[in-house]
Amino acid sequence: MVTPDDKRKAVVHLMAIHQVSQRRARSALNVDRSTVRYQSRRDDDTDLRDAIKAVAKERRRFGYRRLHVMVERRGWQGNHKKFRRIYREEKLQVRRRGGRKRAQGTRRPMVVPDGPNQRWSLDFVSDALTDGRRFRTLAVVDEHARENLALIADTSLSGLRVSRELDRVISERGIPGTIVSDNGTEFTSMAILRWVQDNEIDWHDIAPGKPQQNAFVESFNGKLRDECQNETLFGSLAKVRSTLEAWQEDYNTHRPHSALGNLMPREFAEKRTMDKLAA
């Protein structure tokens, strides 16, 4: 017996089983009278509890802090401690998938760009259809606002295809100052080298075996896999593309990002633009 509620239940159980008075049951269990006779004065939180469960059902991989932000955006106000209590009582805790690698030695923090299009990050995420066919997804992230600029899925993504997709993003967003990627064959192909030279873009390759040097897109990949790919069975590439398109829109415009002060990526980018204009 640890909590007062457990102690009250134990006293009631002892009284019912052995037909003894409350006083004798308390004495046997060494429980104070004030603990047994305490009456809760909490307000009825049924509506808030239902709201939390509704959001948690939609966002099954969100922890209590991000759920708290989402519930507040729907008009509910509640102390974070009360929110966490309800979260735990409803057993909404998110189970971690697998273990995680722990860094050894010292690490230098990455410098966050202070404006859009200063640095983009690129990486691939692998997955499989229900029939066993493998496909890959190219993710492009603007590190300033953590905004996802592109999610391209296909069974094959060559260097030439990557350059075409980057041209499409550039036509909408403008030319980035720097692009960061790993040393995958698609990013070191002749098509990409020629594209970089033609567009005069600074392309930075991270050190082999050092994904932490591309931490922004690696963090994004983890969210993509955890909240989208691991939650969905894909029967076809058409299903993959439609799901990724919907998730990308949700990620950029509805999902709060803790590193951005719980703002959404596009909301953060718009706010920074307005602040610079006001200054």
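## Some details on the overall build of the protein chain
So, step 1. Tallying secondary structure elements over the protein chain gives 11 helices and five strands in all.
So, step 2. By the compact-globule yardstick of 19 Å for 279 residues, the protein chain is too spread out, its C-alpha radius of gyration being 26 Å.
So, step 3. For the protein chain, the C-alpha atoms occupy an extent of roughly 90 × 55 × 40 Å along the three principal directions.
So, step 4. A burial count over the protein chain gives 40% of its 279 residues as buried.
So, step 5. Element-wise, carbon and sulfur atoms account for 47% of the exposed surface of the protein chain, whose accessible area totals about 17,500 Å².
So, step 6. Of the side-chain charges in the protein chain, 54 are positive and 39 negative, and the distance between the mean point of each set is 11 Å.

## Here we look at the pattern of salt bridges
So, step 1. Following the criterion strictly, the structure yields 27 salt bridges and no others.
So, step 2. Across the salt bridge formed by Arg85 and Asp45, the nearest N and O atoms sit 3.5 Å from each other. Of the two residues, Arg85 sits in helix H6 (residues 80-89) while Asp45 sits in the loop between helix H3 (33-36) and helix H4 (46-58), which places them 40 residues apart along the sequence.
So, step 3. Measuring nitrogen to oxygen at the nearest pair gives 3.1 Å for the salt bridge that ties Arg49 to Glu89. With a gap of 40 residues between them, Arg49 in helix H4 and Glu89 in helix H6 connect regions that are remote in the sequence.
So, step 4. For Arg49, a relative accessible area of 16% gives the class buried.
So, step 5. One network of salt bridges, with partners in common, ties together Asp45, Arg49, Lys53, Arg85, Glu89 and Glu90.

## Examining the environment of Met264
So, step 1. By secondary structure assignment, the location of Met264 is in the loop between helix H10 (237-253) and helix H11 (265-278).
So, step 2. Exposure remark for Met264: the relative accessible area of 9% places this residue in the buried category.
So, step 3. Sequence-wise, Met264 and Ser171 are 93 residues apart; in three dimensions their C-alpha atoms are separated by 23 Å.
So, step 4. Residues in contact with Met264, not counting those within four places in the same chain, are Arg73, Asn252, Thr253, His254, Arg255 and Pro256.

## Concerning the pairing of strand S4 (residues 178-181)
So, step 1. Burial along S4 is two-sided: the residues Thr178 and Val180 and Ile179 and Ser181 are all buried.
So, step 2. Pairing of strand S1 (residues 119-128) with S4 involves three bridges; the strand directions are parallel. Residue pairing across strands places Arg119 opposite Thr178, the latter belonging to S4.
So, step 3. Direction of pairing for S4 relative to strand S5 (residues 202-205): parallel, over a ladder of four bridges. Paired with Val180 across the strands is His204, a residue of S5.

## Considerations on the side chain of Ser163
So, step 1. Checked against the element boundaries, Ser163 lands in helix H7 (residues 159-173).
So, step 2. Not counting residues within four places of it along the chain, the set of residues in contact with Ser163 comprises Ile192 and Trp195.

## Details of a negative patch on the surface
So, step 1. Residues Asp43, Asp44, Asp47 and Asp50 make up a contiguous surface patch of negative charge.
So, step 2. Within the fold, Asp44 resides in the loop between H3 and H4.
So, step 3. Given a relative accessible area of 68%, Asp44 falls into the exposed group.

## Observations concerning the nonpolar core
So, step 1. Counting residues in each nonpolar core, the largest one holds 20 residues, and the members touching the most others are Leu122 and Trp203.
So, step 2. Breaking this core down by element, the ones donating at least two residues are S1, strand S2 (134-142), strand S3 (147-154), H7 and helix H8 (190-199).
So, step 3. Counting residues per element, this core draws most heavily on H7, which supplies four residues.
So, step 4. Dropping the residues within four chain positions of it, Leu122 is found in contact with Ala139, Val140, Val162, Leu166, Ile179, Val180, Ser181, Phe187, Trp203, Asn214 and Val217.
So, step 5. Counting residues in hydrophobic clusters, the runner-up holds 17 residues, among them Val125, Leu237, Val240 and Leu244.

## Here we look at unusual backbone geometry
So, step 1. Here Asn30, not a glycine, exhibits a phi torsion of approximately 60°, which is positive.
So, step 2. When you line up the elements, Asn30 lands in the loop between helix H2 (22-29) and H3.
So, step 3. Residue Asn30 is classed as exposed on the basis of its relative accessible area, which comes to 70%.
So, step 4. Positive phi, close to 55°, is recorded for Lys91, a residue that is not glycine.
So, step 5. Considering the arrangement of structural elements, one finds Lys91 in the loop between H6 and S1.

So, how was this worked out
- Residues numbered from 1 in each chain as written.
- Predicted model: local features only at pLDDT ≥ 70, side-chain atom pairs only at ≥ 80, totals over all residues.
- Heavy atoms only, no water.
- Helix = DSSP H or I, 4+ residues; strand = E, 2+ residues; numbered from the N terminus.
- Rg over C-alpha atoms; globule rule 2.2 N^0.38 Å.
- Buried < 20%, exposed > 50% of the residue type's maximum accessible area, 1.4 Å probe, protein only.
- Areas by Shrake-Rupley, 256 points an atom, 1.4 Å probe, with all protein chains shown as cover.
- Lys, Arg positive; Asp, Glu negative; His and termini not counted.
- Charge placed at Lys NZ, Arg CZ, Asp CG, Glu CD.
- Salt bridge = Lys/Arg side-chain N within 4 Å of Asp/Glu carboxyl O.
- Contact = heavy atoms within 4.5 Å.
- Pairing = 2+ DSSP bridges.
- Patch = residues over 30% accessible without salt bridge, like charges linked within 9 Å, V, L, I, M, F, W, Y side chains within 5 Å.
- Core = buried A, V, L, I, M, F, W, Y, C linked by side-chain atoms within 4.5 Å.

Bear in mind that shape data such as this cannot, by itself, settle questions of function.
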